[in-house]
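# Structural characterization, general
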Amino acid sequence: MRKTGCAPNGRPAKPPRPSWLRVRMPHGKAFEDLKRLMRLKALHTVCEEAVCPNMAECWGGGTATFLILGKICTRSCRFCAVRTGNPAPLSMDDREPFEVAEAAAAMHLRHVVITSVSRDDLDDGGAARFAETIRSVHGRVRGCTVEVLVPDFGGDVEALRKVVDARPEILGHNIETVERLYGSVRPQAVYGRSLALLRNVKKLSMEVLTKSGLMAGLGETRDELLEAMADLREVGCDILTVGQYLSPSARHFPVIRYYTPREFQELKESAQAMGFAWVESGPLVRSSYHAERQARTLCR
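My aim in this report is to walk through the structure given alongside it, one point at a time. (Residues numbered from 1 in each chain as written. Predicted model: local features only at pLDDT ≥ 70, side-chain atom pairs only at ≥ 80, totals over all residues. Heavy atoms only, no water.)

If you look at the biggest cluster of nonpolar residues, it comprises 74 residues, and the most contacted ones within it are Phe-130, Val-148, Phe-153, Val-163, Leu-171 and Met-229. If we ignore the near neighbours within four places in the chain, the residues touching Phe-130 are Ile-68, Leu-69, Ile-114, Thr-115, Ser-116, Val-148, Leu-149, Val-150, Pro-151, Phe-153 and Val-163. Counting residues in hydrophobic clusters, the runner-up holds five residues, among them Ile-170, Leu-209, Ile-239 and Trp-278. (Core = buried A, V, L, I, M, F, W, Y, C linked by side-chain atoms within 4.5 Å. Buried < 20%, exposed > 50% of the residue type's maximum accessible area, 1.4 Å probe, protein only. Contact = heavy atoms within 4.5 Å.)

Structure (structure tokens):
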């Protein structure tokens with residue numbers, strides 16, 4: 001006889017997916033044009049690789065988050081849909097920074113978001129490629145603001161300095177979850193190291209806005225989420241995103257529970273009370289959700 005609340009394999013039963021998490025499939029001319037442009041320039045987007053639920057909305061509006069440094073990650077976080085393995089060596093004559101800038105110009109973007117896989121195989125974790133891409137976009141698209149979402153660079157402050165010196169308007173690094181869950185969700189990351197990165201950005205330049213993101217539904221408590229938010233404010237984080245964790249497959253970390261829209265609103269109000277300059281909190285919120293609005297408001 002099966003135990004109440006358990007699946008046939010003995011694991012905890014997966015909670016039913018609520019109606020507010022339904023999203024429409026990407027379609028339309030703007031989506032197809034953007035997809036064609038990315039393939040033409042041999043570019044990748046985290047929207048596709050991470051199976052973002054907002055791809056229909058963002059691509060339909062002509063925006064996307066560029067994924068540089070390839071699409072194979074050297075880490076194996078249990079929440080992430082991006083492939084893990086041994087990436088190909090980085091070519092120094094790669095045209096990727098130029099192509100990202102050209103794509104941004106072709107899309108008439110006013111704000112560009114650039115992220116990457118983790119590249120622990122590289123001496124600087126890919127920091128120099130980030131810097132080159134930032135400078136390429138600034139040089140090619142007049143008046144365009146640039147936001148980067150970087151890995152932790154293994155705690156290398158000099159690698160981080162390369163990115164900060166390129167003067168992105170916003171530098172993000174997601175802590176993703178609460179400290180207690182790092183061992184099971186982010187086994188190759190360190191909670192304190194991620195916080196230190198955000199603190200070090202402010203030490204290197206007070207002009208750069210910092211940003212971080214949290215997922216809800218991995219088994220954390222509300223108090224733990226509030227504690228993580230307070231930790232982010234303590235290191236001077238300016239922008240916070242909070243969204244529902246959605247497991248990419250049965251092989252990934254399971255969804256423990258779904259938060260309601262009301263709970264996300266309450267988390268937003270708590271974060272705002274802590275002093276964040278901008279908070280995005282909702283079931284479908286991801287790191288770059290409404291990123292252009294944030295930049296237009298805060299980067300003046």
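A few words now on the pattern of salt bridges. All chains considered together, the criterion is met by 17 salt bridges. Taking the shortest distance from any N to any O, the salt bridge between Asp-120 and Arg-75 comes out at 2.8 Å. Of this pair, Asp-120 sits in the loop between strand 5 (111–116) and helix 5 (127–140) while Arg-75 sits in the loop between strand 3 (72–73) and strand 4 (83–84), placing them 45 residues apart in sequence. Linking Arg-199 and Glu-234 is a salt bridge whose minimum nitrogen-to-oxygen distance equals 3.2 Å. (Salt bridge = Lys/Arg side-chain N within 4 Å of Asp/Glu carboxyl O. Helix = DSSP H or I, 4+ residues; strand = E, 2+ residues; numbered from the N terminus.)

Let's shift gears to unusual backbone geometry. Within the chain, His-108 stands out as a residue other than glycine whose phi angle is a positive 55°. Along the chain, His-108 turns up in the loop between helix 4 (96–106) and strand 5.

Of all the positions in helix 6 (residues 157–165), only Ala-159, Leu-160, Val-163 and Val-164 are classed as buried. Each buried residue of helix 6 lies within a common arc of 140° when the element is viewed along its axis, so the set occupies one face. Each element contacted by the buried residues of helix 6 is listed here: helix 5, strand 6 (145–149), strand 7 (170–172) and helix 8 (191–204). By the N-cap criterion, in which a side-chain oxygen at the helix start approaches the backbone nitrogen of a residue two or three places on, helix 6 is capped by Asp-156, the distance to Glu-158 being 2.9 Å. The positive-phi residue at the C-terminal boundary of helix 6 is Arg-167, with phi of around 65°. (Arc of directions from axis to C-beta. Polar contact = N/O pair within 3.5 Å; in protein donor to acceptor, adjacent residues only side chain to side chain.)

A separate point is the side chain of Thr-74. Within the secondary structure, Thr-74 sits in the loop between strand 3 and strand 4. For Thr-74, the side chain forms a polar contact with the main-chain oxygen of Ser-118, separated by 3.1 Å. A distance of 3.0 Å separates a polar atom in the side chain of Thr-74 from the backbone nitrogen of Asp-120. Excluding anything up to four places from it in sequence, Thr-74 contacts Thr-84, Gly-85, Pro-87, Ser-118, Arg-119, Asp-120, Asp-121 and Gln-188.

As a packed pair, helix 5 and helix 6 sit with axes 8 Å apart at the nearest point and diverge in direction by 5°. If you check the angle between helix 5 and helix 6, you find them roughly parallel. Residues Ala-127, Ala-128, Phe-130, Ala-131, Ile-134 and Arg-135 of helix 5 pack against Ala-159, Lys-162, Val-163 and Asp-165 of helix 6. The residue inventory of the contact of helix 5 with helix 6, partitioned by class, reads seven nonpolar, no polar and three charged. (Axes fitted to C-alpha atoms, helices over the stretch in contact; angles between N-to-C directions. Parallel < 35°, antiparallel > 145°, perpendicular 65-115°, else oblique. Nonpolar A, V, L, I, M, F, W, Y, C, P; charged D, E, K, R; others polar.)

The next subject is the environment of Gly-70. Of note, Gly-70 is situated in the loop between strand 2 (65–68) and strand 3. In the structure, Gly-70 is positioned 48 residues away from Ser-118 in sequence and 9.6 Å away in space, judged by C-alpha atoms.

Looking now at the pairing of strand 10 (residues 278–282). Put simply, side chains in a regular strand alternate between the two faces of the sheet. Across the five residues of strand 10, five count as buried, placing the element largely inside the fold. A two-sided burial pattern is seen for strand 10, the buried positions comprising Trp-278, Glu-280 and Gly-282 on one face and Val-279 and Ser-281 on the other. Here strand 9 (residues 239–244) pairs with strand 10 via five bridges, running parallel. The residue bridging Thr-241 from the neighbouring strand is Glu-280, located in strand 10. (Pairing = 2+ DSSP bridges.)

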